[in-house]
Amino acid sequence: MDYKILVINPGSTTTKIAIYENERELFCETLEHDINELERFQTIQDQFHMRKDMILSFLKDKGYNIEELSAIVGRGGMLPPVKSGAYRVNNIMVDRLKNRPAFEHASNLGALIAYEIASIIDVPSYIYDSVRVDELTDIARISGMPDISRTSTNHVLNSRAMAMKVAKKHGKNYNEITCIVAHLGGGISVNVQKKGKMIDIIADDEGPLSPERAGRVPCKALIDLCYSGKYDERTMHRKLRGSGGLKAYLNTHDAREVEKRIENGDKHAELVYEAMAYQVAKGIGELATVVEGEIDYIILTGGIAYSEMFTNWIIKRVKFIAPVEIMPGENEMESLALGTLRVLRGEEEANEYIE
């Protein structure tokens, strides 16, 4: 049986949409939202009708009949912690994302728009591998300060999808393997997945520096800087997230530009860039201890995984742990579509969202 799935992935200034027929992508489009138009809205939730209408208008103009859709999937938003996999969007989830989201974030609109369009044509709507998936073990939640409990916030969607692909490539079931996945993007996160569960992670503020983020920094020095009087709270947040990492050291967050500098003999750029790879490798080694070194595969994914220079630096440090698989790209649209397809085919069961 053939299934057509509409995928909706809202970002801060864009809404990506795609239609898949089974595993085949029919089209993928990024709808741009003018900054001046977005500033008219007080909250992200207020953008709901504008974004929904833009999607429907685009599909109509391109001649796509929404009545042919089998299901709609939206990027999972800022819910309280949830399990991995699919959730059917229901009234309880809609109410939560509309009125009491864990955080204000564009991804909150994914489920809401999916639910609204699906209700028009009477098909199911889903989210898949929400950014709020949290399957940490109890021991992984201990931080060192009772005031702060470790939670799971990382690149779940792409990380799990790539782990499933690697398992399938080697003729294994995803629930049979143990792997470490490093997502190498504007932010870098690392996670360990054991028998289908993401049991521990290194979030993008706990580990490697990245193109835009500082990652883990010495705590005492950070506290001193916060209270030095030089910077306000907003600036300090930006130094950690947005203006940290490569941006802070090299005044660019573009890894391709950094590599060009290295090729032209810039030794400082090479030192900083290799330090980023060094820290990724260190994070992989750290998580290998969680499962006592019993790792089937190490997977490098995300945009920077296209770089042979960067991935080779990591591989030389971690290849003694397990074989390394390179699975480059963000793969979010495909991951959402294929997760939903598995539900429609009865290969996975969707969770029911409750509070």
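Residues numbered from 1 in each chain as written. Predicted model: local features only at pLDDT ≥ 70, side-chain atom pairs only at ≥ 80, totals over all residues. Heavy atoms only, no water.

This part is about helix α9 (residues 255-263). For α9, the full list of buried residues reads A255, V258, E259 and I262. For α9, the angular spread of buried residues about the axis comes to 100°, placing them on one side. Facing away from the buried surface of α9 by more than 90 degrees, the exposed residues are R256, K260 and E263. For α9, the elements touching its buried residues are α8 (245-250), α10 (267-288) and α11 (308-318). Where α9 terminates, the next one or two residues include G265, which has phi positive at roughly 95°. (Buried < 20%, exposed > 50% of the residue type's maximum accessible area, 1.4 Å probe, protein only. Helix = DSSP H or I, 4+ residues; strand = E, 2+ residues; numbered from the N terminus. Arc of directions from axis to C-beta. Contact = heavy atoms within 4.5 Å.)

Here we take up the domain arrangement of the protein chain. Taken as a whole, the protein chain is organised into domain 1 (4-134 + 332-352) and domain 2 (156-328). Each of domain 1 and domain 2 was reduced to a C-alpha centroid, and the two centroids are 27 Å apart. Residue-level contacts link 13 residues of domain 1 with 8 residues of domain 2. Both faces combined, the contact of domain 1 with domain 2 buries some 860 Å², and carbon together with sulfur accounts for 58% of it. When the buried surface of domain 1 facing domain 2 is broken down by residue, S84, D129 and S335 rank first, second and third, together holding 46% of it. At the boundary of domain 1 and domain 2, one finds 2 salt bridges. Of the charged contacts in the structure, one is a salt bridge between E334 and K165, with a shortest N-O distance of 2.9 Å. (Domains from an automatic or database assignment. Buried area = accessible area lost by both parts, 1.4 Å probe. Salt bridge = Lys/Arg side-chain N within 4 Å of Asp/Glu carboxyl O.)

Moving on: the sheet that holds strand β8 (residues 188-194). If you trace the 5 strands from one edge of the open sheet to the other, you get β9-β8-β7-β10-β11, paired in mixed fashion. Every other strand in the sheet has two partners, leaving β9 (197-202) and β11 (324-328) as the edge strands with one partner each. Neighbour to neighbour, the strand axes of the sheet diverge by 20° on average, direction disregarded. The pairing of strand β10 (residues 297-302) with β11 spans 5 bridges and is classified as parallel. (Pairing = 2+ DSSP bridges. Axes fitted to C-alpha atoms, helices over the stretch in contact; angles between N-to-C directions.)

Next up on the list: the packing of α9 against α10. Each pair of packed helices can be summarised by the angle the axes make with each other and by the distance between the axes. Contact geometry of α9 with α10 gives a least axis separation of 8 Å together with a crossing angle of 135°. Viewed along their axes, α9 and α10 adopt a mutual orientation that is oblique. The crossing of α9 and α10 is left-handed. Touching A255, V258, E259, R261 and I262 of α9 are A269, E270 and Y273, all from α10. For the contact of α9 with α10, the per-class residue count stands at 5 nonpolar, no polar and 3 charged. (Parallel < 35°, antiparallel > 145°, perpendicular 65-115°, else oblique. Left-handed = near helix turned anticlockwise from the far one by under 90°. Nonpolar A, V, L, I, M, F, W, Y, C, P; charged D, E, K, R; others polar.)

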